[in-house]
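Listed below, chain by chain, are the residues.
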Amino acid sequence: MSLQGLFLAPWRLRDLGRVRRIAGVLVRHGFADVAVRLGWPARLRAWTAALLRRPPPDIEAVPIETRIRRVLEELGPTFIKFGQVLATRPDLLPMSLVLELKRLHDHVTPFPFDEVRATVEADLRRPIHEVFESFEEEPIASASIAQVHRARLQAGVGVGPDAPEASRDVVVKVQRPHLRDVVQADLRILAGVAALLERRFPEVRPFRPRALVEEFRRSLNRETDFLSEMHAMVRYKRMFADEPRLFVPEPVPALCTRRVLVMEHVDGVKVTDVEGLRRLGVDLGSLVEVGMRVTMRSIFEFGFFHADPHPGNFFIRPDGTIVLLDFGMMGSIEPERLDELLTYLVALVTGDVERMVAVLADADLIGDDTDVRALRGDLRAILDRWSGSSIGAIDLSSFLAESVEVARRHHVVLPADLLLVGKAIAIMEGIGREVHPEFEPLAAVRPLLTELYVRRTLDARRHSQALLRTVLDGASLLREAPHDLRRILRKVRRGEMAIQVQSLHEEARQRGLHARTNRLVFGFLFPTFFFGGTYLIGTESSLQNLAGLVSFGIAGLCFMGLAISMLQSDGR
């Protein structure tokens, strides 16, 4: 391995064992060519026989999308999560691969209870029996990041001064042992692979793999920090204090750490258990409307939303209240971006193509190489195709997917937060249609979007805050301007500042000037040496004759230089 390679890929020394395993998994699933193009086999062949094993003979018959999913599942938590993030980027990946990645399984074998006990006692700094009256050894759920156990708190443990001191049922989410070490190693490897991709595959650079990995790193670090999840639960609960049909479990802050999360236990029926919901007498139509309303409000009213609302995170209580779980993956949107997104979606559902393109342009999402007229035509074609359908027949997720495909085709750069919004809305639509097939998502969304849009547009407090920020920025600029101007003048007087003016065509002008100078020099030297040689040749002195020949040679070189300079000038 070269010294340069060590600096370009620092993960290679620390993580050789993990890299070797990744290479073996790639080969086993028929991706040996990927390992070769990444430059791994030459370094790994001496250390492992895994690369020398041929993949199963029928592996090529398996679709490549399926093989990619299996590779990610076999490589564990980090790569599973990375695949789930990639499944939210239809602007970067073919839709066939996006659909396959959405099938990634996040269910793994539970880890032993001895390790659960060790983690809980290490983080809470006391024996488990001093905190919990009972603690079930069998987990009720197990995933790549953590597993969940039912337990019962000791009386008076983890409660505030105003809370009852009776024991209560809780669930305890415990992070997998050594998860952070594995995750950090995998993130280093992913960063190294992304750098290799950008360096060796120019066709990949527009997709910005290093930026994608960095975005994933921030997301995964938040998801593996259970204190961050606890704060998200508290914030979400406070946001929807006025929504009686939504319930967010109460965490126990005194017992929450980066690796352990304790919250109240809530019984309920899984949202997709339609028969169970019917037995409870739940109004399915009203249920899905509440779910969609909560999702849309969290996005467009608060700018803070659940980014992974899959069916396993929704339970329904006997009174029809929705219980929302797992706040590890959350999305947030800046107010300016929220205004742009809301305006775009209102234009989308009202069929205003001109407004849609204007929003994309104002948000600086349209590249210089985008044909705006063609983009406008493709968006209008989508709206025209769906306009003949009844509002209930419109598939909102397909509608959004087609819009994303048009954006990708026209090089419109879609930010990750907008794609997370699309994912959340599409998942909620899918759950709604599964629970209540008569659900009409667009009919439910359109009036809510319009209401939120009008409310934000007429929000005097928001506009006054924006005006206040502008005034304060202007006042700050005026206040600091004299000082900045004096500092600039002082530097000019001291000669510490120079002003350089360069024409847009300065480089071409400099090349032309150099060419003219070369021709002038060669044009002067050629006759000088030529006539000098003529004068010296034919004399009686052999030394002068030799000097004359040398002079003729130099004259010939000057003539060749002059000719080449003239030819190059004609070529330009």
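Residues numbered from 1 in each chain as written. Predicted model: local features only at pLDDT ≥ 70, side-chain atom pairs only at ≥ 80, totals over all residues. Heavy atoms only, no water.

Draft legend 1. Structural view of the overall build of the protein. Looking only at helices and strands, the protein features 24 helices and eleven strands. Evaluated residue by residue, the protein yields a buried proportion of 42% over its 572 residues. Here the analysis covers contacts within the protein between residues at least 6 apart in sequence; of these, 68% occur between residues at least 24 apart. Here the protein displays about 31300 Å² of accessible surface, and carbon together with sulfur accounts for 57% of that area. (Helix = DSSP H or I, 4+ residues; strand = E, 2+ residues; numbered from the N terminus. Buried < 20%, exposed > 50% of the residue type's maximum accessible area, 1.4 Å probe, protein only. Contact = heavy atoms within 4.5 Å. Areas by Shrake-Rupley, 256 points an atom, 1.4 Å probe, with all protein chains shown as cover.)

Draft legend 2. Looking closely at a positive patch on the surface. On the surface, Arg486, Arg490, Arg493 and Arg494 cluster together into a positively charged patch. Position of Arg493 among the secondary structure elements: in helix H22 (residues 460–494). Looking at Arg493, the relative accessible area reads 65%, which means it is exposed. (Patch = residues over 30% accessible without salt bridge, like charges linked within 9 Å, V, L, I, M, F, W, Y side chains within 5 Å. Salt bridge = Lys/Arg side-chain N within 4 Å of Asp/Glu carboxyl O. Lys, Arg positive; Asp, Glu negative; His and termini not counted. Charge placed at Lys NZ, Arg CZ, Asp CG, Glu CD.)

Draft legend 3. Structural detail: the sheet that holds strand S9 (residues 314–316). Spatial strand order, S5-S10-S9-S7: four strands in an open sheet with mixed pairing. In this open sheet, the two strands that pair with only one neighbour each are strand S5 (246–247) and strand S7 (269–270). (Pairing = 2+ DSSP bridges.)

Draft legend 4. Seen up close, the pattern of salt bridges. Using the criterion set out here, one finds 22 salt bridges in the structure. It is possible to trace a salt-bridge network through shared partners that takes in Arg69, Glu73 and Glu100.

Draft legend 5. Main features of helix H16 (residues 335–350). In a regular helix each residue adds 1.5 Å, so 16 residues correspond to 22 Å; H16 covers 22 Å between its end C-alpha atoms and thus fits that length. Of the positions making up H16, those classed as buried are Leu338, Leu341, Leu342, Thr343, Tyr344, Leu345, Val346, Ala347, Leu348 and Val349. At the C-terminal side of H16, Gly351 shows a positive phi close to 75°. (Expected span 1.5 Å × (residues − 1).)

Draft legend 6. Main features of the packing of aromatic side chains. Evaluation of the coordinates by the stated rule reveals six aromatic pairs. Geometrically, the ring pair formed by Phe132 and Phe135 is edge-to-face, given 5.1 Å between the ring centres and 80° between the ring planes. Residue classification places Phe132 among the buried positions, given a relative accessible area of 3%. Of the residues examined, Phe135 reaches a relative accessible area of 15% and is grouped as buried. Put simply, the rings of Tyr236, Phe240, Phe302 and Phe327 pair up and form one aromatic cluster. Note that Arg317 overlies the ring of Phe247, its terminal NZ or CZ placed 4.4 Å from the centroid. (Phe/Tyr/Trp six-rings, centres within 6.5 Å; stacked < 30°, edge-to-face > 60°. Lys NZ or Arg CZ within 6 Å of the ring centre and 35° of its normal.)

Draft legend 7. Representation of the pairing of strand S3 (residues 146–153) in the model. Pairing geometry for strand S1 (residues 132–135) and S3, over three bridges, is antiparallel. Bridge pairing in S3 links Ser134 to Arg152. Judged from the two bridges that link them, strand S2 (residues 141–142) and S3 form a sheet pairing that is antiparallel. The residue bridging Ala141 from the neighbouring strand is Val148, located in S3. Linkage of S2 to S3, two consecutive antiparallel strands, is achieved through a turn of three residues. Taken together, the seven bridges between S3 and strand S4 (residues 169–175) define a ladder with antiparallel strand orientation.

Draft legend 8. Representation of the side chain of Ser298 within the structure. Relative to the helices and strands, Ser298 is located in helix H15 (residues 284–300). A polar contact is formed between the side chain of Ser298 and the backbone oxygen of Thr295, at a distance of 2.7 Å. For Ser298, the contacting residues outside a window of four places in its chain are Tyr236, Met239, Phe240, Gly303, Phe304 and Phe305. (Polar contact = N/O pair within 3.5 Å; in protein donor to acceptor, adjacent residues only side chain to side chain.)

Draft legend 9. Representation of the confidence of the model for the protein within the structure. Looking at the protein as a whole, the pLDDT averages 78, with 74% of positions reaching at least 70. Long-range and interchain partners of residues 41–53, a stretch whose pLDDT sits below 50, account for 21 contacts in this model, where long-range means more than four residues apart. (pLDDT = per-residue confidence, 0-100.)

Draft legend 10. Representation of the environment of Met263 in the model. Positionally, Met263 belongs in strand S6 (residues 260–264). Note on Met263: relative accessible area 10%, which makes it buried. For the pair Met263 and Val252, spaced eleven residues apart in sequence, the C-alpha to C-alpha distance is 5.5 Å. Excluding residues within four positions of it along the chain, Met263 makes contact with Val170, Val171, Met233, Pro249, Glu250, Pro251 and Val252.

Draft legend 11. Inspection of unusual backbone geometry at higher detail. Positioned with a positive phi, Arg125 is a non-glycine residue whose angle comes to about 60°. Mapped onto the fold, Arg125 is located in the loop between helix H9 (113–124) and helix H10 (128–131). Unlike most non-glycine residues, His178 shows phi in positive territory, near 60°. Residue classification places His178 among the exposed positions, given a relative accessible area of 60%.

Draft legend 12. Expanded view of helix H6 (residues 64–75). Compared with the 16 Å implied by 1.5 Å per residue over twelve residues, the 17 Å span of H6 between its first and last C-alpha is a close match. Taken as a whole, H6 has its buried residues at Thr66, Arg67, Arg69, Val71, Leu72 and Leu75. Once H6 ends, the next one or two residues include Gly76, with phi positive near 100°.

Draft legend 13. Geometry of a negative patch on the surface. A cluster of acidic residues, Asp114, Glu115, Glu137 and Glu138, forms a negative patch on the protein surface. Looking at where Glu137 falls in the secondary structure, it is placed in the loop between S1 and S2.

Draft legend 14. Representation of the side chain of His410. With respect to the secondary-structure elements, His410 resides in the loop between helix H19 (396–409) and helix H20 (416–435). The buried category is assigned to His410, whose relative accessible area is 10%. Those residues within four positions of His410 in sequence are excluded, and the remaining contacts are Thr370, Asp371, Ala374, Leu375 and Asp378.

Draft legend 15. Just the packing of helix H7 (residues 77–86) against helix H11 (residues 179–200), in detail. As a packed pair, H7 and H11 sit with axes 9 Å apart at the nearest point and diverge in direction by 55°. By the criterion of interaxial angle, the relationship of H7 to H11 is oblique. On the side of H7, the interface is formed by Pro77, Thr78, Phe79 and Phe82, while H11 contributes Leu179, Val182, Val183, Asp186, Leu187 and Leu190. Residues of the contact of H7 with H11, tallied by class, amount to eight nonpolar, one polar and one charged. (Axes fitted to C-alpha atoms, helices over the stretch in contact; angles between N-to-C directions. Parallel < 35°, antiparallel > 145°, perpendicular 65-115°, else oblique. Nonpolar A, V, L, I, M, F, W, Y, C, P; charged D, E, K, R; others polar.)

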